[in-house]
Structure formats: structure tokens, C-alpha cells
Amino acid sequence: MACIDLNADLGEGFGRWRLTDDERLLSVVTSANVACGFHAGDAPTMRRVCELAAERGVRIGAQVSYRDLAGFGRRAMDVPSAELAAEVAYQIGALEVFARAAGAGVAYVKPHGALYNRVVHDEEQAAAVVDGVLLADAALPVLGLPGSRLLELAGKAGLPVVTEAFADRAYTDAGTLVPRSLEGAVLTDPDTVVDRSLGLARSGEVVSHSGARIEVRARSLCLHGDTPGAVELARRVRERLEASGVRVEAFA
């Protein structure tokens, strides 16, 4: 039987602003990528999301980012390796306080935005992220794109690695994500997203932006929480997967 984890980016608010419907999404997903304050999130938000996730048995993941609140972590930045490693560890540690207080703990790490895309190819930045994870907890799984430098280096360092796929993002023929700056990078048709989710979970394949069928083997499926209708779409995805015999459960 096929098995897949459903993860979503949560806690992406700050102060009076809330971007994601955390409570409702936590009733659908099995893993929560919680913003740790660098691209979004603040202490009260992190605490609240950790409490909600723990209540529902949802795994808590640290979504680490470049220090870029104004750009939501999606702007390219050049951060020295030692600084980036320290900031990754800092973010994990901050979230761990609230996860433990909620009776759980940080179960994995996933980069966000520009950092996520950078560590697909950039060995230096990928190594810095790995160093930061090792500094925080040498047993934490790292969630990322199949074939990325991040997962390669994390595996070599002895960290558990978990591959993920995106049902609502367009892929290049090389298996990487089409940049958000390009038209069609984000898929908005619900039926398309649901069908792609099932295909990724059962066959590990997806149709690229050019129409080619490519292999994307993943243990976790990301559902973005900041898109219109995110909760209903996530619910449809889970219902379709389970109705088709796919077991939905956390990887950590």
C-alpha cells in the first residue's frame, strides 16, 4: 500500500497579521512546517501553532529561512556559512522551546523559500544548513527536494533525509521547481492539484511544465497554506488519497 505524509507551511503570521488558517489545516495535514520568526512567525504564533499541532498529533517541523521578514523569505540573499549555520540552529532552538512546552518536540527541519531553492544546487549554503541542524540536534530528519545538494550532504552527515513533492507547483524537466517569477509556476486548479497528488503518491511521477513525464519519488507531499482555498483543497487531497487506498501518515 502506498504511504504519504501531508505537510503544510503554518504559523506564517506576525503580530496582528495572519496568513494561514492554522487550526483548520492542522485537522488535515500530518506534518506542520512552522515558521520560526525569520520569514514569518513570532513567539505567540509559534507557541499557539505548537499547542494546536500537539493536540492533534501533528508532527512539528522547523521551517528555517533567511532573515527576511519583509520579503517573506523569498528574496535571494548571500549569507556567510558560519552565520547561516548559527541562524538555522537558532531558529530550531526557538521552536523547540514551544514544541516541548506543548508536550511534543521538533521532529524535522525544512528550509523555506529562497533558502529551499538555493540549497538544491548550492553546496556551500546546503552545507551551512546541515551544520546548523547538526548543531541543534544531530538526529533531526531533513525534508527537501529529491536530488538536492541539501539531502545529499545531510545524508553524508548522518542525518535522516526525507524527500518531498509539491502538488501545486510546476516542475522543470530536471525535477526542480519552476521559479515563482514565471507564469504557471503555481497551479491553482483544484482538480489538477488533486489528480497530481494522487499520481505523486501512487506512481512517483508528475508532468513537467513542458509536458514531459518525470519521476519524483517522495515520502511527503507539500500543500501550501497561503493559497486561496487552501484548507478545502487540502481536505480534498486527503480524501482522494485515502479513498484511493493511499495511507496518509507522518514520516517522523
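Residues numbered from 1 in each chain as written. Predicted model: local features only at pLDDT ≥ 70, side-chain atom pairs only at ≥ 80, totals over all residues. Heavy atoms only, no water.

Student: Looking at this structure, how should I read the pattern of salt bridges?
Tutor: Opposite charge on two side chains lets them pair, provided their charged atoms get close. All chains considered together, the criterion is met by 23 salt bridges. Arginine 118 is the partner of aspartate 122 in a salt bridge, and the nearest nitrogen-oxygen pair spans 2.8 Å. In this structure arginine 118 comes out as partly exposed when scored by relative accessible area, which is 25%. In this structure, a network of salt bridges that share partners links the residues Glu123, Arg149, Glu152 and Lys156. (Salt bridge = Lys/Arg side-chain N within 4 Å of Asp/Glu carboxyl O. Buried < 20%, exposed > 50% of the residue type's maximum accessible area, 1.4 Å probe, protein only.)

Student: So what exactly am I meant to see when it comes to the packing of helix α2 (residues 43-56) against helix α3 (residues 81-101) here?
Tutor: Packed helices, taken two at a time, are described by the angle between their axes plus the distance between the axes. Two elements in contact, α2 and α3, have axes whose closest approach is 8 Å; the angle formed by their N-to-C orientations is 45°. Here α3 runs oblique to α2, going by the angle between their axes. Between α2 and α3 lies a crossing whose hand is right-handed. For the pair α2 and α3, contact is made by Ala43, Met46, Arg47 and Cys50 and by Ala94, Leu95, Phe98 and Ala99, respectively. (Axes fitted to C-alpha atoms, helices over the stretch in contact; angles between N-to-C directions. Helix = DSSP H or I, 4+ residues; strand = E, 2+ residues; numbered from the N terminus. Parallel < 35°, antiparallel > 145°, perpendicular 65-115°, else oblique. Left-handed = near helix turned anticlockwise from the far one by under 90°. Contact = heavy atoms within 4.5 Å.)

Student: Would you take a moment to explain the environment of alanine 127 for this structure?
Tutor: Along the polypeptide, alanine 127 turns up in helix α5 (residues 123-136). Looking at alanine 127, the relative accessible area reads 29%, which means it is partly exposed. Spatially, the C-alpha atom of alanine 127 lies 9.5 Å from that of alanine 157, the residues being 30 residues apart in sequence.

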